[in-house]
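# Architecture and fold: a report
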Amino acid sequence: MLAESPNQDLGELIQIALDVAGSLEPREVIARILERGTHAVQADRATLSSLVDDHVVIEATYGRAGELTWVGQRYSLDYFAGQPLVQKAIDTLQPAFGGRLAADKAAPEFRQALTNVRHVAVVPLVHGGRAVGMLVFSRYEDRPFTAADLAALTLLGTISGLALRNARLFEEGKAARERADEAAARLREAAEAAEDVASQVHLDAVLRRLLQRAGASVGADGTSLARLEGAEMVIESTPTGELVGTRWPLMPKVLAGVTRGHPVELTAGEYTGAPEGLESVVQPYRRFLVAPLAVGGETIGLLAMGRKTDEPFDPAAVQSLQQFSALGALLLRNARLIAQAQVAEQAKSEFMSIAVHELRAPLTVASGYLGMALEGAFGGLPPALKDALATAQRKAEEAKLLADELLAVARMEGKVLTPNAEAITLMGALQDAVARARPRAALVKATMTIEPGDDSTALADRAMVATILDNLLNNSLIYTDHAPTIHMRARRDAGQVAITVTDDGIGVAPDDLPRIFERFARGTDRVSREKPGSGLGLYLSRGLAEQMGGSLKLEASQPGKGSTFVLRLPPAAS
């Protein structure tokens, strides 16, 4: 029984409530409940159990002498069918007390302990209208629990149930936070890996870096990435480059797993049937993990990991590997698409080169014969016929120029053009360009000036630079509605040398800015549509600049006010 004074009873119960509420660690809460409860109801032993679903977990038992034993055994609730006192407490959610428990109905490991018990009180730990656990108090002397103990036992059960539930919730929240932190850490690792992988320029370097990061994430000693082709795999990447490009049949167990989209983990004993030629590669490893690389529901490749020790892969690490698997799948798919695009682009460039070359030959012949006819090689011509032939020759020359431009584009895209790098002065290149443009400039009464500047020297292909400058000047002379003024200047610019070409022509409409360097791009304004041109000049010019290690950019443009283009090139060594 509790202390004789009601105030003392209340004070002790309040102290118990404060004591058990003073911690949120479940084990510490359980220990306090058992210790304080045992002394409060003057019991010789107390046992606390948790009720989880349809099972009871015996958490710990505490003796009056102070010994605390953590048990942890789990039983079905059916176990209490032979203990009416316990069943009554759970069903009614009220303390139940009486004589001893039925030792012959108890689990064998508890029968000896129950033989010393004379009286018990079973206190359900109630929270939210249901039992979340129970306290069983035992007395070894003939001092029964009575109705006078009921209020104290009820209050003790309520306090303990609330404290235990809060501690469990705290533990679950803590575990959830740890899982969230772990997931966030894995996401950070995956993001860092993606950023790291993306920093690589070439596909083989990208794949090798992916393998390094993926292997490190699961503690693997060896890695490889392969693409799937039916029941075979083709090695795409290994850290050393060994076996890349080789083709191997898939093990049946691996094939069965990856086709379901699940990682497959194998021991060395399970990794049987390695194809001939691959045994020496897999022999050093004792554990294997093969993860499918899937995009859009299609498994397109495999990420294989090997570990030299026979230790299972951590499930959390395997889970984090999915981030790398997704990245690897995207890389494989992109590599496949890029390869297909490169084949198509190469075929297109070869076709254009052949077609334009075949077109250029008859145009040259036709233009030549027309020129001979106009010069009187075939006798005198009536004026009307002479005018018609002159128009035909002019159009043949225009078609030949277009063919030359298309041929240059085809060679540039086919990587046939190889820059012949030599030291050229920018002022000299500008003066030559002005000289070539002067006849056309005279027709439109243009003013072309080269501003005094730094006579820098570029390391570039003279013919390519000439083509770029000719295109820029021709555009300035064509795309205008008045006698144009063109300013040119050479200068040094951020470690490179640059040529600036500024005109006061019609400029570029805002809607056309994103596409002016695309193939066959033409301005959409009225003046641009009325002017002749193929739309290849700027596309070709930028491509040539980039092949020389430079760039061509539209630095500024304003409709009706003109444009400024900047050609940057590598400087020649001093």
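## A closer look at the overall build of the chain
A count of helical and extended segments in the chain gives 14 helices and 19 strands. Total accessible area computed for the chain in this model is approximately 29600 Å², and 55% of it derives from carbon and sulfur atoms.

## What about the packing of helix α12 (residues 462–478) against helix α14 (residues 537–547)?
As a packed pair, α12 and α14 sit with axes 9 Å apart at the nearest point and diverge in direction by 150°. Regarding the angle of α12 to α14, the classification is roughly antiparallel. Considering how the two elements wind past one another, α12 and α14 form a crossing that is left-handed. Across the interface between the two elements, Met-464, Thr-467, Ile-468, Asn-471, Leu-472 and Asn-475 from α12 touch Gly-537, Leu-538, Leu-540, Ser-541, Leu-544, Ala-545 and Gln-547 from α14. Residues belonging to the contact of α12 with α14 are distributed by class as follows: seven nonpolar, six polar and no charged.

## A closer look at the sheet that holds strand β18 (residues 551–558)
Taken in spatial order, the five strands of this open sheet run β14-β16-β17-β19-β18, and their pairing is mixed. If you trace the sheet from one side to the other, it starts and ends with β14 (447–450) and β18, each paired once. The sheet shows a mean angle of 15° between the axes of neighbouring strands, direction not considered. Both strand β17 (residues 496–503) and strand β19 (residues 562–569) contribute to a ladder of six bridges, which runs antiparallel. Directly across from Ile-499, in β19, lies its bridge partner Leu-567. Its contacts with the sheet put helix α11 (residues 426–443) on β14, β16 (485–493) and β17, and the angle it makes with β14 is roughly 170°.

## Overview of the packing of aromatic side chains
Ring pairs (aromatic) are described by centroid distance and by the angle formed between their planes. For the structure on display, the rule yields two aromatic pairs. Judged by centre distance (6.4 Å) and plane angle (80°), the rings of Phe-517 and Phe-565 are edge-to-face. Of this pair, Phe-517 sits in the loop between β17 and α13 (526–530) while Phe-565 sits in strand β19; the two residues are 48 residues apart in sequence, bridging distant segments of the chain. Of the two residues examined, Phe-517 and Phe-565, each falls in the buried class. Lying over the aromatic face of Phe-145, Arg-139 brings its terminal NZ or CZ to 3.8 Å of the ring centre. Across from the ring centre of Phe-313, 4.1 Å away, lies the NZ or CZ of Arg-307, which sits over that ring.

## Observations concerning the nonpolar core
Judged by nonpolar contacts, the single largest core of 41 residues is most densely connected at Val-465, Ile-468, Leu-469, Met-488, Leu-552, Leu-567 and Leu-569. Looking at this core, the elements that each hand over two or more residues are α11, β15 (457–460), α12, β16, β17, α14 and β19. Per-element tally for this core: the top contributor is α11, with eight residues. Leu-552 has contacts with Ile-468, Leu-472, Phe-517, Ser-541, Arg-542, Ala-545, Phe-565, Val-566 and Leu-567, leaving out every residue within four places of it along the chain.

## Considering the pattern of salt bridges
The final tally for this structure, using the stated rule, is 17 salt bridges. The shortest N-O distance in the salt bridge between Glu-141 and Arg-143 comes to 3.2 Å. For Glu-141, a relative accessible area of 47% corresponds to the partly exposed category. Owing to a relative accessible area of 29%, Arg-143 belongs among the partly exposed residues under this scheme. Ionic contacts of the salt-bridge type, sharing partners, join the residues Arg-227, Glu-229, Glu-232, Glu-236 and Arg-247 into one network.

## What to know about unusual backbone geometry
Not every positive phi belongs to a glycine, and Gln-42 is a case in point at roughly 55°. Along the chain, Gln-42 turns up in the loop between α2 (26–40) and β1 (45–52). Gln-42 gets classed as partly exposed once you look at its relative accessible area, which sits at 29%.

## Some details on the side chain of His-119
Its place among the elements puts His-119 in strand β5 (residues 119–127). Within the structure, the side chain of His-119 is placed 2.7 Å from the side chain of Asp-142, a separation counted as a polar contact. Every residue in contact with His-119, bar those within four places of it in the chain, is listed here: Gly-98, Gly-99, Phe-137, Ser-138, Arg-139, Glu-141, Asp-142, Arg-143, Pro-144 and Phe-145.

## Topic: the environment of Ser-557
Checked against the element boundaries, Ser-557 lands in strand β18. We classify Ser-557 as partly exposed; its relative accessible area is 25%. Distance in space between the C-alpha atoms of Ser-557 and Val-508 is 5.9 Å, their sequence separation being 49 residues. Separated by 2.8 Å, the side chains of Ser-557 and Ser-563 make a polar contact.

## Let's talk about the confidence of the model for the chain
When the pLDDT values of the chain are averaged, the result is 78; 77% of them are 70 or greater. Looking at the elements of the chain, mean pLDDT is at its lowest for helix α1 (residues 6–20), recorded as 54, and at its highest for β19, recorded as 93. Considering only residues more than four positions removed or in separate chains, one finds that residues 1–8, a stretch of pLDDT under 50, has 15 contacts.

## Some words on the sheet that holds strand β8 (residues 232–237)
Pairing is antiparallel across the open sheet formed by six strands, whose spatial order is β9-β8-β7-β12-β11-β10. The open sheet terminates on both sides in strands that have one partner only, identified here as β9 (247–249) and β10 (264–267). Going from strand to strand, the sheet's axes swing by 30° on average, the running direction of each strand aside. As paired elements, strand β7 (residues 222–229) and β8 share five bridges and run antiparallel to each other. Across the sheet, the residue bridging to Leu-228 is Met-233, located in β8. Packing of helix α7 (residues 252–259) onto the sheet brings it into contact with β10, β11 (287–295) and β12 (298–307), and relative to β10 it is tilted by some 160°.

Calculation notes
Within each chain, residues carry numbers counting from 1 in the order of the written sequence. Reporting in this predicted model follows two pLDDT cut-offs: at least 70 for local features of residues, and 80 or more for side-chain atom pairs to be given and counted; totals over whole chains, interfaces and linings ignore these cut-offs and use all residues. Derived side-chain values reflect all non-hydrogen atoms in the structure, with water molecules and hydrogen atoms excluded from consideration. The numbering of helices and of strands both runs from the N terminus, where a helix is a DSSP run of H or I of at least 4 residues and a strand a run of E of at least 2. For accessible areas, the Shrake-Rupley method is used with a probe of radius 1.4 Å. Any residue's cover is judged against the shown protein chains and nothing else. The convention used is that axes are lines fitted to C-alpha atoms, helices contributing only their stretch in contact, and that angles between N-to-C directions extend from 0 to 180 degrees. Should an angle fall under 35 degrees it is called roughly parallel, over 145 degrees roughly antiparallel, and 65 to 115 degrees roughly perpendicular, with every other angle called oblique. Note on convention: near helix rotated counterclockwise from far helix by under a right angle means a left-handed crossing. Clockwise means right-handed. We call two residues in contact whenever any of their non-hydrogen atoms come within 4.5 Å of each other. Following the grouping adopted for this structure description, the nonpolar residues are Ala, Val, Leu, Ile, Met, Phe, Trp, Tyr, Cys and Pro, the charged ones are Asp, Glu, Lys and Arg, and the polar ones are all others, Gly among them. Note: two strands are recorded as paired if DSSP finds a minimum of 2 bridges between them. Here a Phe, Tyr or Trp ring, Trp counted by its six-membered ring, pairs with any other such ring whose centre lies within 6.5 Å, and the pair is stacked when the planes are under 30 degrees apart, edge-to-face when over 60, and tilted otherwise. Think of it in three bands: with a 1.4 Å probe and only protein chains considered, a residue is buried below 20% of the maximum accessible area for its type, exposed above 50%, and partly exposed in between. When the NZ atom of lysine or the CZ atom of arginine is within 6 Å of a ring's centre and also within 35 degrees of its normal, the charge is said to sit over that ring. We define a nonpolar core as any set of buried Ala, Val, Leu, Ile, Met, Phe, Trp, Tyr and Cys residues linked to one another through side-chain atoms lying within 4.5 Å. Salt bridges, as used here, are contacts in which a Lys or Arg side-chain nitrogen is within 4 Å of a carboxyl oxygen on Asp or Glu. In the analysis that follows, any N or O atom pair within 3.5 Å is treated as a polar contact, provided that within protein one partner can donate a hydrogen and the other can accept it, and provided that, for residues neighboring in sequence, both atoms belong to side chains. For every residue, the predictor states its confidence as a pLDDT score lying anywhere from 0 to 100.

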